[in-house]
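Here are the chains, one letter per residue:
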Amino acid sequence: MDTAIEPTAGQNERRPVQVTVTVNNQPVILPSRELTGLEIKQAAIAQGVPIDTGFQLSVKRGNGRYEVVDDDEQIRVHPNQEFLAVPPDDNS
Amino acid sequence: MARRPVNPPAEGWSLTIPHRLWTELSAHLFPSGGGAVLLAGHAEGARGPRLLAYDLITATNDTDYIPGEYGHRALAPSFVRDAAVRARDESAAYLAVHAHGGLDRVRFSSVDTASHERGYPALRQITGQTVGGLVLTPHAAAGDLWLADGSRTPLAETVIPGGNLLRLRPCPATATPAGPDHDRQARLLGDVGQETLNRLRVAVVGLGGVGSILVEELARLGVGTLVLIDDDTIEATNLPRLVAAGKDDIGLLKTDLAARNAQRANPRIRLIPKATRVEHPEALKELALCDWIFLAADSASARHWVNATVQQFLIPAVQVGVKIPVDSAGYVGQIHTATRIMLPGDGCLWCNRLIDSTQLAIDMHPKAERDAARYVPGVPAPSVITLNTLAAAEALNHFVLAATGLHDDDHDHAAVIHRPRTRQRDLQDPRQDANCRWCTPAGRLGRGDSGSVVQTATL
């Protein structure tokens, strides 16, 4: 199993981290613990998750519910955290 | 906690308090008591005039809420003055609120009534608006309104649109036995629950794949009045998704089919068909008189105008939609259905980025210009009746349980996102922008008739 948080620099430097989360059940590696909603979507897109930046992003909270995250809203992510991204233009 | 009485909608003056304000007010009043003032807009309603609370001014104990000269406690004169000035400046009704002991019944004491008679004529002169008092228990509300025209009237009910659609009265309504037609259903909803459905006025905006199912089921549930809004006509490709539609119906207005289906399902139903787009003033006027709105239309403009109506007139709604992504190679992506509860004052469609402003700008042009403005010719989105049914059922169940007070949690109004390909069902809590110009007191929340939705919506 992957180690979700991996130090990649020397001990005396501020160590960048990689945090593996899921977006729509697909693993996505994020380059930081603090990211905006837009940055999370961009990372997911770059790693092949079939969404676009206009999708509505939600993060799963401890109570099992998803909470909507805005594009410019910064959140702290943790390993294996689950995100949901859906297109906002569902129709009827 | 003891089960709350279920009260059918009452005739007469009503007050609607957004769920968030009610939560704040309840925390302030119960169990220890306190004072506050609600500021409210005005609107006409289906059963009488409506007051629409949009802001709460809580009185600080011992500073603003002090030992009374006549009664136990009273709002301090300076607090009353400042609140009255706000009511005057904002053309808002002024309602002083306090709590009494008890649970299911409440009424003003003789000391309360004497204080109204002493103080409210002057407050009405200062504000030029309706002023009054509201006394609450957790399950009951009574109001004494002094109207701007010089008359005085009691408040028939106080409505709180939350996870449950609460209706508080001075004392519980007496039940009228449900008719034999709805006997099985009333065994769950209760006689008062069934009567509640019968007195409700519900709108369905969009009468296509989802709206067609909504209308059929609302009529069978026994909803008393349906407002049906859609300007579209039936095409051959619609037939597999429209309830009880046949080839002879091609070319018929969708409102006509919906009306026919509703009447067949319930001959006593009252119908108000509007074969227009929702932003047409006639449609908006009918929407503003409703108790509940189902939004099952595709366009950004429908989302915008319904969202505006929900916030300005404090009417709960549910937005229902289905997304089936299929790319040009035939790859089917993540299908989802969405059932989003829209509560006044609680994170609107704009706050949740569910209205595309570019699309909205295009939608607001005449049809020929709309078509010309789109870079790519419109390709019909996939649509399948079973997926529509999934979303519609979620919305209808939420409505029935909310209207009859059967949800476990008054506060829960999470959206439901179904992902049928993985059989996942997720609850999604909305977010709210702190100064949203639609769903906060800084915007149009509860402003009712003080500016029509049409006039106040700048894109």
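Everything that follows concerns the structure shown earlier in this document.
In what follows, the accompanying structure is described.

## Considering the overall build of chain A
If you tally the helices and strands in chain A, you get one helix and seven strands. Put simply, chain A has 92 residues, and 43% of those count as buried. In chain A, 44% of the contacts between residues at least 6 apart in sequence involve partners at least 24 apart. For chain A, the accessible surface area stands at approximately 4,900 Å², while carbon and sulfur atoms represent 45% of it.

## Comments concerning helix H6 (residues 254-265) of chain B
Residue and element names in this part refer to chain B. The terminal C-alpha atoms of H6, which comprises 12 residues, lie 16 Å apart, in line with the 16 Å expected from a rise of 1.5 Å per residue. Taken residue by residue, H6 has Lys 254, Thr 255, Leu 257, Ala 258, Ala 259, Asn 261, Ala 262 and Ala 265 as its buried positions. Contact partners of the buried residues in H6: helix H5 (209-221), strand S13 (225-229) and strand S14 (270-274).

## Digging into the packing of H5(B) against helix H11 (residues 385-403) of chain B
Residue and element names in this part refer to chain B. Where H5 contacts H11, the axes come no closer than 9 Å and their chain directions differ by 40°. With respect to each other, H5 and H11 are oriented oblique. As for how H5 packs across H11, the hand of that crossing is right-handed. Between H5 and H11, the contacting residues are Gly 209, Val 210, Ile 213, Leu 214, Glu 217, Leu 218 and Leu 221 on the first element and Ile 385, Asn 388, Thr 389, Ala 392, Leu 396, Phe 399 and Val 400 on the second.

## A look at the interface of chain A and chain B
Listed per partner, the contact involves 20 residues of chain A and 32 residues of chain B. Summing the contributions of chain A and of chain B, the shared interface buries around 2,300 Å²; its carbon and sulfur component is 41%. Put simply, chain A and chain B have eight salt bridges between them. Salt-bridge contacts for B:Arg340 lead to A:Asp90; the nearest nitrogen and oxygen are separated by 2.9 Å. Seen at the junction of chain A and chain B, the total is 17 residue pairs in polar contact (both at pLDDT 80 or more). Mapped by element, the contributors of at least two residues to the side of chain A that touches chain B are strand S4 (56-60), strand S5 (66-69) and strand S7 (82-86) of chain A. Considering every element that reaches the side of chain A that touches chain B, the biggest residue donor is S5(A), with four residues. Pairing of S5(A) with strand S19 (residues 424-429) of chain B involves two bridges; the strand directions are parallel.

## Some details on the side chain of A:Asn91
By secondary structure assignment, the location of A:Asn91 is in the segment after S7. Overall, A:Asn91 belongs to the buried group, its relative accessible area being 15%. Excluding anything up to four places from it in sequence, A:Asn91 contacts B:Asp298, B:Gly321, B:Val322 and B:Ala381.

## Description of the packing of aromatic side chains
Residue and element names in this part refer to chain B. If you walk through the whole model with that rule in mind, you get four aromatic pairs over all chains. Ring geometry for Tyr 120 and Trp 146: centres 6.2 Å apart, planes at 75°, overall edge-to-face. Residue Tyr 120 is found in helix H3 (residues 110-127), and its partner Trp 146 is found in strand S8 (residues 140-146); the two are separated by 26 residues along the sequence. Classification of Tyr 120 as buried rests on a relative accessible area of 8%.

## A few points about the sheet that holds strand S3 (residues 50-58) of chain B
Residues and elements named next belong to chain B. Spatially, S9-S8-S7-S6-S2-S3-S1-S10-S11 is the arrangement adopted by the nine strands of the open sheet, whose pairing is mixed. The sheet is open, and its two edges are formed by strand S9 (152-155) and strand S11 (165-168), each paired on a single side. Averaged over neighbouring strand pairs, the angle between their axes works out to 25° when direction is ignored. Pairing between strand S1 (residues 14-16) and S3: three bridges, direction parallel.

## So, the pattern of salt bridges
Per the stated rule, a full pass over the model turns up 38 salt bridges over all chains. Because the salt bridges share partners, they merge into one network encompassing A:Asp70, A:Glu73, B:Arg353, B:Arg431 and B:Asp433.

## Some words on the nonpolar core
Generally speaking, soluble globular proteins have nonpolar side chains that are buried together. Residue and element names in this part refer to chain B. Counting 51 residues, the largest nonpolar core has Leu 75, Tyr 94, Val 205, Leu 287, Ile 293 and Val 306 as the members making the most contacts within it. With six residues, helix H8 (residues 300-313) is the single largest residue contributor to this core. Those residues in contact with Leu 75, other than ones at most four positions away along the chain, are Gly 35, Ala 36, Val 37, Ala 59, Asp 64, Tyr 65, Val 80, Tyr 94 and Ala 96. Counting residues in hydrophobic clusters, the runner-up holds 43 residues, among them Ala 219, Ala 296, Ile 341 and Val 400.

## So, unusual backbone geometry
The general pattern is negative phi for most residues beyond glycine and trans for most peptide bonds. Residues and elements named next belong to chain B. Between Phe 30 and the following residue, Pro 31, the backbone shows a cis peptide bond with an omega angle of 0°. By the element assignment, Pro 31 lies in the loop between helix H1 (19-29) and strand S2 (35-43). With phi around 60°, Arg 423 is a residue other than glycine that occupies positive phi space. Counting through the fold element by element, Arg 423 comes out in the loop between strand S18 (415-419) and S19. When its relative accessible area of 78% is taken as the criterion, Arg 423 is described as exposed.

## Concerning the pairing of strand S1 (residues 19-23) of chain A
Residue and element names in this part refer to chain A. Judged by how many residues are buried, S1 sits mostly within the fold: four of five residues are covered. One ladder, built from five bridges, connects S1 with strand S2 (residues 26-30); its direction is antiparallel. The residue of S2 that forms the bridge with Val 23 is Gln 26. Alignment of S1 against S7, held across two bridges, turns out to be parallel.

## Regarding the packing of helix H2 (residues 77-89) of chain B against H3(B)
Residues and elements named next belong to chain B. Close contact between H2 and H3 brings their axes to 8 Å; oriented N to C, the two are set at 40°. Relative to H3, the element H2 is oriented oblique. Where H2 approaches H3, its residues Val 80, Ala 84, Ala 87 and Arg 88 are matched on the opposing element by Leu 123, Ile 126 and Thr 127. Its residues placed into classes, the contact of H2 with H3 shows five nonpolar, one polar and one charged.

Cut-off values and rules
Residues numbered from 1 in each chain as written. Chains lettered and ligands numbered in written order. Predicted model: local features only at pLDDT ≥ 70, side-chain atom pairs only at ≥ 80, totals over all residues. Heavy atoms only, no water. Helix = DSSP H or I, 4+ residues; strand = E, 2+ residues; numbered from the N terminus. Buried < 20%, exposed > 50% of the residue type's maximum accessible area, 1.4 Å probe, protein only. Contact = heavy atoms within 4.5 Å. Areas by Shrake-Rupley, 256 points an atom, 1.4 Å probe, with all protein chains shown as cover. Expected span 1.5 Å × (residues − 1). Axes fitted to C-alpha atoms, helices over the stretch in contact; angles between N-to-C directions. Parallel < 35°, antiparallel > 145°, perpendicular 65-115°, else oblique. Left-handed = near helix turned anticlockwise from the far one by under 90°. Buried area = accessible area lost by both parts, 1.4 Å probe. Salt bridge = Lys/Arg side-chain N within 4 Å of Asp/Glu carboxyl O. Polar contact = N/O pair within 3.5 Å; in protein donor to acceptor, adjacent residues only side chain to side chain. Pairing = 2+ DSSP bridges. Phe/Tyr/Trp six-rings, centres within 6.5 Å; stacked < 30°, edge-to-face > 60°. Core = buried A, V, L, I, M, F, W, Y, C linked by side-chain atoms within 4.5 Å. Nonpolar A, V, L, I, M, F, W, Y, C, P; charged D, E, K, R; others polar.

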